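# Structure assessment
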4 protein chains.
Amino acid sequence: MEEKYRLTGLKLKIYEVIFESDTPEGKYFDIVLLVSIILSVTVVMLESVQAIKIGWGNWLVGLEWFFTGLFTLEYLARIWVVLNKRKYIFSFFGIVDLLSVLPTYLTIFFAGAQSLLVIRSLRLLRIFRIFKLARFIGESQNLTTALKASRYKIIVFLTTVITAVIIFGTLIFLIEGPENGFTSIPLSIYWAIVTMTTVGYGDIAPHTTLGQTLASIIMIMGYGIIAVPTGIVSSEMIKLKTKEKITTQVCPHCLKEGHDSDAIYCKYCGGEIN
Amino acid sequence: MEEKYRLTGLKLKIYEVIFESDTPEGKYFDIVLLVSIILSVTVVMLESVQAIKIGWGNWLVGLEWFFTGLFTLEYLARIWVVLNKRKYIFSFFGIVDLLSVLPTYLTIFFAGAQSLLVIRSLRLLRIFRIFKLARFIGESQNLTTALKASRYKIIVFLTTVITAVIIFGTLIFLIEGPENGFTSIPLSIYWAIVTMTTVGYGDIAPHTTLGQTLASIIMIMGYGIIAVPTGIVSSEMIKLKTKEKITTQVCPHCLKEGHDSDAIYCKYCGGEIN
Amino acid sequence: MEEKYRLTGLKLKIYEVIFESDTPEGKYFDIVLLVSIILSVTVVMLESVQAIKIGWGNWLVGLEWFFTGLFTLEYLARIWVVLNKRKYIFSFFGIVDLLSVLPTYLTIFFAGAQSLLVIRSLRLLRIFRIFKLARFIGESQNLTTALKASRYKIIVFLTTVITAVIIFGTLIFLIEGPENGFTSIPLSIYWAIVTMTTVGYGDIAPHTTLGQTLASIIMIMGYGIIAVPTGIVSSEMIKLKTKEKITTQVCPHCLKEGHDSDAIYCKYCGGEIN
Amino acid sequence: MEEKYRLTGLKLKIYEVIFESDTPEGKYFDIVLLVSIILSVTVVMLESVQAIKIGWGNWLVGLEWFFTGLFTLEYLARIWVVLNKRKYIFSFFGIVDLLSVLPTYLTIFFAGAQSLLVIRSLRLLRIFRIFKLARFIGESQNLTTALKASRYKIIVFLTTVITAVIIFGTLIFLIEGPENGFTSIPLSIYWAIVTMTTVGYGDIAPHTTLGQTLASIIMIMGYGIIAVPTGIVSSEMIKLKTKEKITTQVCPHCLKEGHDSDAIYCKYCGGEIN
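Residues numbered from 1 in each chain as written. Chains lettered and ligands numbered in written order. Predicted model: local features only at pLDDT ≥ 70, side-chain atom pairs only at ≥ 80, totals over all residues. Heavy atoms only, no water.

Check the secondary structure of chain A and you find 12 helices and zero strands. Along the chain direction, N to C, the helices and strands of chain A fall in the order α-α-α-α-α-α-α-α-α-α-α-α. Within chain A, buried positions represent 50% of all 274 residues. Restricting to contacts in chain A with at least 6 residues of sequence separation, those with at least 24 account for 51%. Surface summary for chain A: the accessible area is close to 13400 Å², and the carbon and sulfur share equals 69%. (Helix = DSSP H or I, 4+ residues; strand = E, 2+ residues; numbered from the N terminus. Buried < 20%, exposed > 50% of the residue type's maximum accessible area, 1.4 Å probe, protein only. Contact = heavy atoms within 4.5 Å. Areas by Shrake-Rupley, 256 points an atom, 1.4 Å probe, with all protein chains shown as cover.)

Before going further, it helps to examine the packing of helix H1 (residues 9-19) of chain D against helix H2 (residues 24-47) of chain D. All names here are of chain D. The geometry of H1 relative to H2 is characterised by a closest axis approach of 7 Å and an angle of 50° between their N-to-C directions. Relative to H2, the element H1 is oriented oblique. Between H1 and H2 lies a crossing of right-handed hand. Here H1 contributes Lys13, Glu16, Val17 and Ile18 to the contact with H2, which in turn contributes Glu25, Gly26, Phe29 and Asp30. For the contact of H1 with H2, the per-class residue count stands at three nonpolar, one polar and four charged. (Axes fitted to C-alpha atoms, helices over the stretch in contact; angles between N-to-C directions. Parallel < 35°, antiparallel > 145°, perpendicular 65-115°, else oblique. Left-handed = near helix turned anticlockwise from the far one by under 90°. Nonpolar A, V, L, I, M, F, W, Y, C, P; charged D, E, K, R; others polar.)

So, on to the nonpolar core. The biggest cluster of nonpolar side chains holds 179 residues, and the ones touching the most others in it are Trp191(A), Trp191(B), Trp191(C) and Trp191(D). With residues near it in sequence (within four places) discarded, Trp191(B) still touches Tyr201(A), Ile172(B), Phe182(B), Ile204(B), Ala205(B), Pro206(B), Ala215(B) and Ile218(B). (Core = buried A, V, L, I, M, F, W, Y, C linked by side-chain atoms within 4.5 Å.)

Looking now at helix H11 (residues 209-225) of chain B. For H11(B), with 17 residues, the first-to-last C-alpha span of 24 Å sits near the 24 Å given by 1.5 Å per residue. Where H11(B) is concerned, the buried positions are Gly211(B), Gln212(B), Leu214(B), Ala215(B), Ser216(B), Ile218(B), Met219(B), Gly222(B), Tyr223(B) and Ile225(B). (Expected span 1.5 Å × (residues − 1).)

What follows deals with empty space enclosed by the protein. Following the criterion strictly, the structure yields 10 cavities of 30 Å³ or more and no others. Its volume calculated, the largest cavity comes out at about 70 Å³. If you trace the largest cavity, you find it lined by Ile226(A), Thr230(A), Ile226(B), Thr230(B), Ile226(C), Thr230(C), Ile226(D) and Thr230(D). Residue composition of the lining of the largest cavity, by class: four nonpolar, four polar and no charged. (1 Å grid on protein atoms, 1.4 Å probe; cavity = no way out; pocket = protein on both sides within 12 Å on 5 of 7 lines; lining within 4 Å. Points joined across faces, edges and corners; volume = space filled by probe spheres on them.)

Side chains that differ in sign of charge can pair as their charged atoms come close. In this structure the tally under the stated criterion is 12 salt bridges over all chains. In this structure, the salt-bridge partner of Arg78(D) is Glu74(D), at a minimum N-O distance of 2.7 Å. Here the residue Arg78(D) and the residue Glu74(D) both occupy positions in helix H3 (residues 50-81), the gap between them amounting to four residues, near one helical turn. Residue Arg78(D) is classed as buried on the basis of its relative accessible area of 1%. Beyond isolated ion pairs, a larger network of salt bridges with shared partners links Glu74(A), Arg78(A) and Asp97(A). (Salt bridge = Lys/Arg side-chain N within 4 Å of Asp/Glu carboxyl O.)

Relative to the assigned elements, Asn180(C) resides in the loop between helix H9 (151-176) and helix H10 (185-196). There is a polar contact of 3.0 Å between the side chain of Asn180(C) and the side chain of Glu176(C). (Polar contact = N/O pair within 3.5 Å; in protein donor to acceptor, adjacent residues only side chain to side chain.)

Okay, the packing of aromatic side chains next. Residue and element names in this part refer to chain A. Taken as a whole and judged by the stated rule, the model has 20 aromatic pairs over all chains. For the ring pair Tyr75 and Tyr88, a centre distance of 6.2 Å and an interplane angle of 45° mean the geometry is tilted. Of this pair, Tyr75 sits in helix H3 (residues 50-81) while Tyr88 sits in helix H4 (residues 85-89), placing them 13 residues apart in sequence. Through pairs of rings, three or more aromatic residues link up here, namely Phe66, Phe67 and Phe71. (Phe/Tyr/Trp six-rings, centres within 6.5 Å; stacked < 30°, edge-to-face > 60°.)

Here the focus is unusual backbone geometry. All names here are of chain B. Here Thr198, not a glycine, exhibits a phi torsion of approximately 60°, which is positive. Following the sequence through the fold, Thr198 ends up in the loop between helix H10 (185-196) and H11. For Thr198, a relative accessible area of 5% corresponds to the buried category.

This paragraph deals with the confidence of the model for chain A. Residues and elements named next belong to chain A. With 73% of its residues at a pLDDT of at least 70, chain A reaches an overall mean of 77. Put simply, helix H7 (residues 127-130) is where chain A has its lowest mean pLDDT, 54, and helix H10 (residues 185-196) is where it has its highest, 91. Two numbers describe this predicted complex: its pTM, 0.79, and its ipTM, 0.76. (pLDDT = per-residue confidence, 0-100.)

Residues and elements named next belong to chain C. Along helix H5 (residues 92-99), the residues that are buried comprise Gly94, Val96 and Asp97. Seen from one end, H5 has its buried residues packed into an arc of 165°, which puts them on one side. Packing partners of the buried residues in H5 comprise helix H3 (50-81) and helix H4 (85-89). (Arc of directions from axis to C-beta.)

Residue and element names in this part refer to chain D. Direction vectors running N to C along helix H9 (residues 151-176) and helix H11 (residues 209-225) enclose 170°, while the axes themselves pass 10 Å from each other. On the basis of the axis angle, H9 is roughly antiparallel to H11. Here Phe157, Val161, Phe168, Leu171, Ile172, Ile175 and Glu176 of H9 lie close against H11, whose contacting residues are Leu210, Gly211, Gln212, Leu214, Ile218, Met221 and Ile225.

On to the environment of Arg86(A). Structurally, the position occupied by Arg86(A) is in helix H4. Residues Arg86(A) and Met221(A), spaced 135 residues apart in sequence, show a C-alpha to C-alpha distance of 49 Å.

Time to look at the side chain of Thr195(B). By secondary structure assignment, the location of Thr195(B) is in helix H10. Note on Thr195(B): relative accessible area 0%, which makes it buried. Setting aside chain neighbours within four positions, we find Thr195(B) in contact with Val199(A), Tyr201(A), Ala215(B), Ile218(B) and Met219(B).

Before going further, it helps to examine the environment of Thr145(B). Residue and element names in this part refer to chain B. Here Thr145 shows up in helix H8 (residues 133-149). For Thr145, a relative accessible area of 39% puts it in the partly exposed group. In the structure, Thr145 is positioned 92 residues away from Met237 in sequence and 9.0 Å away in space, judged by C-alpha atoms.

This is the structure:
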């Protein structure tokens, strides 16, 4: 954020309003932005409802162009104002900001493209800015760290689930067959996923006793397997909480960190700490 | 509760019976009240069953007025007896007590309003009073504290889920379209919620291979995402439990910490602690 | 188990075979018993399948009487052999043993009573006897202790869920009404339970936009609420595990238990321990 | 892996390529193998889709024989190259490798046997070899250790669930009966499993008030019971994590314990440890 001090006059003013939320104007801008996003996403949704489109179609198209104009202006202002333009344009929010306005222009050439505008809802993630920024980023980094620390466990877990689902899907296809609605292996695998995740639509369901027995096994397995990701995330989160008990103190002798709060001597060099 | 000693005679007697459950009369009153609430809620429910209403309609209306009379008397007695009337009237239970009798009087003007009487079931939360009050409030405060401590994590989690559900709902709308039952984006978002929470009604279900592939991804995501709130609540509860157990007390003799809350002597040097 | 030494001769022999599983005969008896229970429950199940009943009805009835005879003999032998007859008869397994044979005799007077024989499956819980008894009872006591320690939390949780389900059920009844399948409040409450527990049969589902919005809220709530019992049980189990770190040592001075494994002095009387 | 040094020339070369993934050739081979497995499983899946089979049937059969030839060659090469042939052949992957090619040869005699080829997907578990082997095996052993440590708890849990499901299934059969779709006890037990695991297909659902009340009880039980496996796995994982972190080492100077595994100096007295 230091780079902002190389901005002056209007650019600095706009930078503070658009990119920050410490000043009253910045906060006000963020709230107006969020409301606009919610309204524009609602407009896109309403346009997909046939009954509403017939009566209010022109109004909705008008509103859509209005919000697109607004967001286009905002996007251009962001590019104009920011110092490291390339970094913003290729950042997550930079790409989302662009994709949020493109579909409306595409509707000139392709009818129906406006549904893509719901990508704007990704901009809602900016909501964290309005509340105390740091705390939220802290929370979401907590979650992210917990997920990252568990990524190998999650890959092991997912590979096992996918393998299980392929085997079970094929078994049910062999047992039930096309005459009971299991018309192909991919569809049967889809059914196995629906069953193991305990979603259970019921559009396809086993009719033979053997098929229902296999389904029962898959269900009880799925019921138990859900404990694995839960256990992973819980233990990571508790680990994170425990880590907080570790002081942020740095050893004055070897400059290493990570000491327990009850440590008297540095565990790396043996020097006395604070 | 000290304020009650400013009451005398009948008012004090009624206060003890209605608001407390230490005396035999208070306990007896609470049980009668709970049974009345359950009975009156049952009456409201039965009245909504067409077959029963035809045969017993008049009896049910009679009972409804009887219970409403009872609860109105109780409500007025509470207001009469309590010292800080404004505080009671605008407290959670004060409002619930009022809303529990109002709908019956409304039926004089609007037919059908009696269904609103089920709001009486909120009065069931008074059940905690009958058992040892303190313990229950402790438990429920434990839960509340755990939820409160996690509120930012929960907002992060909910915003992510809602954004995901909007994006996925629109994708499935574009893939499946109205011809497969996904008639609008709001309905498709409803379907995405039904799928991600693993509810899976099956009233709307994808029919194309691409749609079923997307559904599979949503299901596996939902299956994994459920680990996040569980991890949050688990780690908060464990934190609470750990906090309770260890005092922050320091031994005055050897200055060591980490004593159990029931310790009388230091477990390291044997000296007496506080 | 000391009482068994007051038995002699045949009675002692039968006691050891029927009630214990330390001797080879006892183990053999237990395995035969378990297989008989599984077979007899299977017979009851098969009898309920119309196609099998037509072809094999007489065989199944015969087998049913055979197993009933066997279990009746075993029940009488247990009563004859045990010293404290009243204690056995009114114990959990004593009542289950009786209920396991009664329905067959009832079929003489009432057709169809044989379905009640599946109560025999409760006898399967005797399976723990065959494996190392102590370990299993330890495990199951662990679970029971964890559940017991959380019973107030569970009551608070259940009361909240039931109140929520009554309120939501009534709301959906008012919103959707009988024309969309929500014919009465009890049925609507049933639907709310189906939705909140993420079961989602789909036999009844909301059709109006408002109803689907309410359903979405219930689903996301249910998706989150499931974290509460999980958090409760997890934290109890971790607490149990932590407790194991506490030694079973008794203070030689004040005879109190519950010392940490790193304790040098008794935390209650200050005396030195071991 | 030491045994490999008793191989020479071509055999050693092939061994390193097929069985290891440290050399560039070994890594390249593993990737080609994984892609082949995914392609061949896809071919088997596509062949089960009627519409695709009609147009591309011959191509798919050709590809199937191509992949089978490839995997047969690989299987024979593995046997030729490995020193302890019996150990490989009867290992998990040895059996899977054989079962991955057998069904194609069986199709000469039995039409339809090719569906069994999806067993090849089990070979996907070789994916862990491509990434850093040790880390993955570590993760998956963590999971396996956690599951193994809980096996008695899981047996207790499963026996309880199965007994509950048999009892509830019979009760619903008695309440609803064949006229509401509950045609036999085994089918009713299947329904009870579908309900308790919160899958809820909805192909069979209770229609009577009593049946729906029982279903509600099963659902709320199932909703709560899911906490038990989750609690088991969570507490095991946290136990594992804690174990890793703290050494059992004692400081030789002050004899205090509880040092982190990366500690070089005692955090209490500053003396060097081990």
